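# Close look at the chain arrangement
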Amino acid sequence: MKRTLLSASALLTTLLGSAAHAEVIKVVSVSPLTGTRATLGVEFRRGAEMALRLHTPAFNKLGHSLKLLPLDDQGNPTRAGLLSGVLQGDNHILGIVGPQNSGVVNALAAALKPSPIAMVAPSSTNDDLTQQGWNYFNRLPSPDLAQAGVAAAFLKAKFRPRRVYVVSDNTTYGNGLTEVMQARLAAEGVKVVGFLGASTPEQIEDVLRRIKGLDADLVYFGGTDLAAAAVLKAMRKAGVTVPFAAGHGVFSAAFVEAAGDAAEGVVFSSPMAPLDKLPAAQAFLREYRARYRAEPNPRALAAFESMNVLLLATLNEIGGVKGKVPTRAQVMAAVRKVNLPACTGSGVCLNPSGPLSFDASGERRTSRVYMLEYGKGGVPELLSTETTSR
């Protein structure tokens, strides 16, 4: 027994000595890890962790110690300055997955402009984000304009509404989505009878009065999960029973829990599908369940894919040269060159959501928009799928 312990000690010393000489490469996940939005932020971190574990052996073989640095943005754009200081101050950081919310993405990307770092955003959809000329910014989901086009046509066919009232939660995401949604509904010949931002109890009461006064027969909401649940519950409590539709902000266990029975029947668009509907995501789903003893939100898969893009780009730039550390600029360029076809066969799939590459603005070339509806118990049911291309 003593000999075994000595051998293990010697081996540990050897491994620690090797690690001390390894070149450190850090990648970052940015999401809310505390506060009301932490549930989805933790999903981001977990998805990024799973991708990191997948690629760590390849980096180790090339003489690199690969590290994940999870940063908490609290879902608050005002933290962008602090976070950018952390990111720009550590030269070992070569890439960022996130942030989760469009408002934080916009603030952080702008703050990083003087000293950019490759960013791959898993879920931020505001149209303006890819219109800033940021050669370091890329995103996976279909933007608001694409989602609004699909959603407006779908809602018209399903509900045949005459008078729609549109509500935002006053966030960058909610305002951007509701703006393009109003235009798309009008293009479909559906009348938008009013619009209001509602993020406080007083504003929600104002919305309810207007919906009743204007005789709206459908309410469309753009914004985050808990804000959506607050508006929906207030509507139902006030006896407003018209259909409630929304964007992917409501694709969240927190929304279902907060809305309770009112969640049933809510129709929403999403750039992400339920994972059980993606054949190529089943290996990810099994590993996530085994590792975290929980059911993943699709945002975890989006973060997994985003981190895969970032790490694959870094490996491509290293080019098999042991000990080589690419520059931030090289990684930024390499991300735009990533081109992953749809997965086939039973091997490891880096992009279960489908083909993955970016155009010159950082927009994904091929993406999907899903229409879903919450059934009994808050289980999302897939209603339709549409592919959009750039």
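Residues numbered from 1 in each chain as written. Predicted model: local features only at pLDDT ≥ 70, side-chain atom pairs only at ≥ 80, totals over all residues. Heavy atoms only, no water.

### Describing the state of the cysteines
Note the cut-off: To count as a disulfide, a pair of cysteine sulfur atoms needs to be within 2.5 Å. Buried residues are those whose accessible area, probed at 1.4 Å on protein chains only, stays under 20% of the maximum for their type, while exposed residues exceed 50% and partly exposed ones sit between those limits.
Counted by the stated rule, this structure contains one disulfide. There is a disulfide in this structure between Cys 343 and Cys 349, and the S-S distance comes to 1.9 Å. Between Cys 343 and Cys 349, the S-S torsion sits near 80 degrees, and that sign places the bridge as right-handed. Taking relative accessible area as the criterion, Cys 349 reaches 10% and is therefore assigned buried.

### Things to note about the nonpolar core
Quick reminder of the rule: Put simply, buried Ala, Val, Leu, Ile, Met, Phe, Trp, Tyr and Cys residues joined by side-chain atoms within 4.5 Å make one nonpolar core. By definition, any uninterrupted DSSP run of H or I lasting at least four residues is a helix, any uninterrupted run of E lasting at least two residues is a strand, and each is numbered from the N terminus. Any two residues whose heavy atoms approach within 4.5 Å are treated as being in contact.
Counting 99 residues, the largest nonpolar core has Leu 87, Phe 244, Phe 255, Met 307, Leu 310 and Val 335 as the members making the most contacts within it. The element contributing the most residues to this core is helix 11 (residues 298-318), with twelve residues. Not counting residues within four places of it along the chain, the set of residues in contact with Val 335 comprises Ala 118, Val 120, Asn 138, Val 309, Leu 310, Ala 313 and Phe 358. Core analysis: the next-biggest nonpolar cluster, separate from the first, contains 20 residues, Ala 148, Leu 155, Val 164 and Leu 185 among them.

### Concerning the UniProt feature "domain: Leucine-binding protein" (unreviewed entry) in the protein chain
For the record, the criterion: UniProt positions are given in the numbering used here, feature names are shortened, and annotations may be inferred rather than shown by experiment.
Taken from the UniProt record, the annotation "domain: Leucine-binding protein" (unreviewed entry) applies to residues 25-377. In the segment residues 25-377, helix accounts for 43% and strand for 19%; the C-alpha atoms at its two ends are 44 Å apart.

### Section: the packing of helix 3 (residues 80-88) against helix 4 (residues 102-111)
Relative placement of two packed helices is described by the angle separating their axes and the distance separating the axes. We apply this condition: To obtain each axis, a line is fitted to C-alpha atoms, and for helices this fit is confined to the stretch in contact; angles are then taken between N-to-C directions over 0 to 180 degrees. Note on terminology: angles under 35 degrees are roughly parallel, angles over 145 are roughly antiparallel, angles of 65 to 115 are roughly perpendicular, and the others are oblique. Note: crossing handedness is left-handed where the near helix turns anticlockwise from the far helix by less than a right angle, and right-handed where it turns clockwise.
Where helix 3 meets helix 4, the closest approach of the two axes is 9 Å, and the angle between their N-to-C directions is 45 degrees. In terms of orientation, helix 3 lies oblique with respect to helix 4. Taken as a pair, helix 3 and helix 4 cross one another with a handedness that is right-handed. On helix 4, the residues that touch Ala 80, Leu 83, Ser 84, Leu 87 and Gln 88 of helix 3 are Ala 107, Leu 108 and Ala 111.

### Considering the packing of aromatic side chains
Geometry of an aromatic ring pair is reported as the spacing of the ring centres plus the angle between the planes. What counts, and what does not: Aromatic pairing here means that ring centres of Phe, Tyr or Trp (its six-membered ring) are within 6.5 Å. Orientation follows from the plane angle: under 30 degrees is stacked, over 60 is edge-to-face, and everything else is tilted.
In the structure shown here, the tally under the stated rule is nine aromatic pairs. Judged by centre distance (6.1 Å) and plane angle (80 degrees), the rings of Trp 134 and Phe 137 are edge-to-face. Among the residues examined, Trp 134 registers a relative accessible area of 8% and is labelled buried. With a centroid separation of 6.1 Å and 35 degrees between ring planes, the pair formed by Phe 284 and Tyr 288 is classed as tilted. Here Phe 284 pairs with Tyr 288, and both are found in helix 10 (residues 282-292), just four residues apart, close to one helical turn.

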